[in-house]
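Fold and geometry: a report
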Amino acid sequence: MQVQHQIGADIMFAFDELTTLQNSRGYQEESLERTRLWALRCIDEHFRLTTERVGKPYQALFGVIQGAQYEDLRRKACRDLGAMDFDGYGIGGALEKENLGTIVRWCNEELPENKPRHLLGISEPDDIFTAIENGADTFDCVSPTRVARNSAFYTPAGRFNLSGAKYKRDFGPLQDGCDCYACANYSRAYIHHLFKAKEMLSATLISIHNERFVVKMVDDTRLAIEAGTFFEFKAETLAQYYR
Ligand SMILES: [Zn+2]
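Keep in mind the model is a prediction, meaning the values are calculated, not measured.

1. A short note on the overall build of the protein chain
Regarding its fold elements, the protein chain presents 10 helices and seven strands. Taken over the C-alpha atoms alone, the protein chain extends approximately 60 × 40 × 40 Å along its principal axes. The buried share of the protein chain, taken over its 243 residues, is 44%. When contacts within the protein chain are restricted to residue pairs at least 6 apart in sequence, those whose partners lie at least 24 apart make up 63%. Within the protein chain, one finds 29 positive and 35 negative side-chain charges whose respective centroids are separated by 6 Å.

In structure tokens form, the structure reads like this:
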């Protein structure tokens, strides 16, 4: 908490233990109790430091919900931390794709409705829709930058790899119509060349594009929710992406 206050983080996450799906049920219970006690200590220290920070921007503190694949543990964690004075909640843990939606739904049925719910560590398009559908408001993931280091870029028609020889003389942008810096200024051919020459700039440019792609997709999803067309938008977007 002290380090987070010193670096001025806008949103801090309370200390938690990330278990794996292989840990025993008994270990998950012990671990959950440890995370609950850490949450209390984080809140105490955060409030103590906040009162010393008069006149500086407010920093938000989110509690982290663990409990692995166990419904009773997830719901208990949400009730325990939901009763604490957090600004929002992060749903954490090693989640399997098949039960991602179910676990996010259990948590969001228990967590306070007036506080943001963040899902830690996802970003593939189908996971984002699953999370949104089950009540998650925000997300984070290293995926757009991690795949960019291997020259993979997102488009509405799916994910492609720029290392292929067919991009050598492809002078179009990564994605037609994209408004990001990389697409406005550089061609596929040039970024392909940078990747082949092992220039770090290729990963930087593709990361800028991939981040923009994900943010735009979530912006469009918000518009679809407001227009009452979420399920149509989801079906169309995923059909095009995973065709
Ligand atoms: Zn772009």
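Now that the structure has been shown, the text picks up again.
2. Things to note about the coordination of the zinc ion
The coordination sphere of the zinc ion, as far as protein atoms go, consists of Cys 178 (SG), Cys 180 (SG), Cys 183 (SG) and His 209 (ND1), spread over 2.1 to 2.3 Å. Metal-centred angles of 100 to 120° between the four donor atoms at the zinc ion mark the site as tetrahedral.

3. Quick look at the pairing of strand β2 (residues 60–65)
Each regular strand carries side chains that alternate between the two faces of the sheet. Burial of β2 is extensive: six of the six residues sit out of reach of the surface. The two faces of β2 match: Ala 60, Phe 62 and Val 64 on one face and Leu 61, Gly 63 and Ile 65 on the other face are all buried. Bridging between strand β1 (residues 11–13) and β2 involves three bridges; their strand directions are parallel. Bridge pairing links Phe 13 to Phe 62 in β2. Where the polypeptide runs from β1 across helix α2 (residues 25–52) and back to β2, its parallel neighbour, the crossover connection is right-handed. By the bridge criterion, four bridges tie β2 to strand β3 (residues 88–91) in an arrangement that is parallel.

4. As for helix α9 (residues 201–227)
The end-to-end C-alpha distance of α9 is 39 Å, a good match for the 39 Å that 27 residues give at a rise of 1.5 Å each. A positive phi of about 75° marks Gly 228, the residue just after α9.

5. Here we look at the domain arrangement of the protein chain
Domain assignment breaks the protein chain into domain 1 (2–141) and domain 2 (142–243). Measuring from the centre of the C-alpha atoms in domain 1 to the corresponding centre in domain 2 gives 29 Å. Every contact between the two is made by 10 residues of domain 1 and, on the other side, 18 residues of domain 2. Roughly 1,200 Å² of surface becomes buried between domain 1 and domain 2 when both sides are summed, with 71% attributable to carbon and sulfur atoms. When the buried area of domain 1 at its contact with domain 2 is split by residue, Pro 125, Phe 129 and Cys 141 rank highest and sum to 46% of it. Note that Arg 159 and Glu 124 form a salt bridge whose closest N and O atoms lie 3.4 Å from each other. Summed over the shared surface of domain 1 and domain 2, the result is five residue pairs in polar contact (both at pLDDT 80 or more). Tallied by class, residues from the side of domain 1 that touches domain 2 come to six nonpolar, one polar and three charged.

Reading the values: the criteria
Residues numbered from 1 in each chain as written. Predicted model: local features only at pLDDT ≥ 70, side-chain atom pairs only at ≥ 80, totals over all residues. Heavy atoms only, no water. Helix = DSSP H or I, 4+ residues; strand = E, 2+ residues; numbered from the N terminus. Buried < 20%, exposed > 50% of the residue type's maximum accessible area, 1.4 Å probe, protein only. Contact = heavy atoms within 4.5 Å. Lys, Arg positive; Asp, Glu negative; His and termini not counted. Charge placed at Lys NZ, Arg CZ, Asp CG, Glu CD. Donors = N, O, S within 2.8 Å, 3.2 Å for Na, K, Ca; no water. Tetrahedral: all angles 85-135°; square planar, octahedral: opposite > 155°, others 65-115°. Pairing = 2+ DSSP bridges. Right-handed = clockwise from strand over helix to strand, strands pointing away. Expected span 1.5 Å × (residues − 1). Domains from an automatic or database assignment. Buried area = accessible area lost by both parts, 1.4 Å probe. Salt bridge = Lys/Arg side-chain N within 4 Å of Asp/Glu carboxyl O. Polar contact = N/O pair within 3.5 Å; in protein donor to acceptor, adjacent residues only side chain to side chain. Nonpolar A, V, L, I, M, F, W, Y, C, P; charged D, E, K, R; others polar.

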